[in-house]
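Structure assessment
So the chains spell out like this:
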Protein chains: 2
Amino acid sequence: MGATKSELFTPLQSELASLAKALAHPARIAILQELLQKNSCQCGELVSTIGLAQPTVSQHLKELKHAGLIRGSIEGSRICYCIDTTNWNRQKSLLEDFFQELPPLPQSCC
Amino acid sequence: MGATKSELFTPLQSELASLAKALAHPARIAILQELLQKNSCQCGELVSTIGLAQPTVSQHLKELKHAGLIRGSIEGSRICYCIDTTNWNRQKSLLEDFFQELPPLPQSCC
DNA sequence: TGGACCTATCGTAATATTGCAATGAAACAA
DNA sequence: TTGTTTCATTGCAATATTACGATAGGTCCA
């Protein structure tokens, strides 16, 4: 059917999956890397950096904004994007709590 | 079109996106949580725990296996799944390198 | 052998995602 | 005002994902 049966899962499971979904495209990874590296914000610059058409980049930016990972603010005729630091750190710790370190060779099975 | 233009991205970007895609469904998060918690492996147990049909769970397991996050081995008439520890730790550090901690309020823009 | 179990795979339907051309909206400069 | 620049939105086509019934292929036990 293609529709997730969301009533089966806990809020945490859904939140983690949403975060992962926001990261689940190389273009969005590339956008975040740009924003992390340049710290200062970008906009149409991203279009030429990434190599996708402007509407496509705009759509990816929308998804990242919806996930709370970035923010955008109008700055004259341009729009300034940057990492949403507070949310970023929250998501980071969410992921870290899930992605616990495992001892190299426990393998109590398999 | 629905097909990612993968030639535009670096191997690292594609790898991170693939990892995120593997985690981008609450059922797969739930499966991993089960495997992390019970340490020992599961199989048909997961079907009743998750609440999805058996073919659906089997499909999610296949994706997690393809992503290298879990392994499955035949154990009599059952199949024993568990976290692929080595790969897990590698993916973890991959994600950590990307998801760097950010100072609470730098905001050199926006 | 036959039946009971467990899991993978196939086939299919419903839905979601990706990508872009065309267009719209807002800011700015001449 | 008119034109330019910048970005969002709309609409659509192509592809991917999600879910499950039906079925196939194993193991195990009697």
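Per an unreviewed UniProt entry, chain A is named Putative HTH-type transcriptional regulator, and its organism is Cesiribacter andamanensis AMV16.

**Quick notes on the confidence of the model for chain A**
Residue-level pLDDT values for chain A average 90, and 94% of them are 70 or greater. Mean pLDDT values for the elements of chain A range from 90 in strand β1 (residues 70-75) of chain A up to 98 in helix α1 (residues 11-23) of chain A.

**Section: the pattern of salt bridges**
Considering all chains together, one arrives at ten salt bridges over all chains under this definition. Here A:Lys38 and A:Glu45 are joined by a salt bridge, their closest N and O atoms 3.4 Å apart. The exposure class of A:Glu45 is partly exposed, given its relative accessible area of 40%. Ionic pairing is found between B:Arg90 and B:Glu15, a salt bridge with its closest N-O pair at 2.3 Å. With B:Arg90 in helix α5 (residues 85-98) and B:Glu15 in helix α1 (residues 11-23), this pair connects stretches of sequence that are 75 residues apart. Exposure remark for B:Arg90: the relative accessible area of 41% places this residue in the partly exposed category. Judged by its relative accessible area of 28%, B:Glu15 falls in the partly exposed class. Because the salt bridges share partners, they merge into one network encompassing A:Glu34, A:Lys38 and A:Glu45.

**Things to note about the pairing of strand β2 (residues 78-83) of chain B**
All names here are of chain B. By the bridge criterion, six bridges tie strand β1 (residues 70-75) to β2 in an arrangement that is antiparallel. Within β2, the residue paired with Gly72 across the bridge is Tyr81. The turn joining β1 and β2, which pair antiparallel and follow one another in sequence, is formed by two residues; a positive phi near 70° is taken by Gly76.

Rules and cut-offs
Residues numbered from 1 in each chain as written. Chains lettered and ligands numbered in written order. Predicted model: local features only at pLDDT ≥ 70, side-chain atom pairs only at ≥ 80, totals over all residues. Heavy atoms only, no water. pLDDT = per-residue confidence, 0-100. Helix = DSSP H or I, 4+ residues; strand = E, 2+ residues; numbered from the N terminus. Salt bridge = Lys/Arg side-chain N within 4 Å of Asp/Glu carboxyl O. Buried < 20%, exposed > 50% of the residue type's maximum accessible area, 1.4 Å probe, protein only. Pairing = 2+ DSSP bridges.

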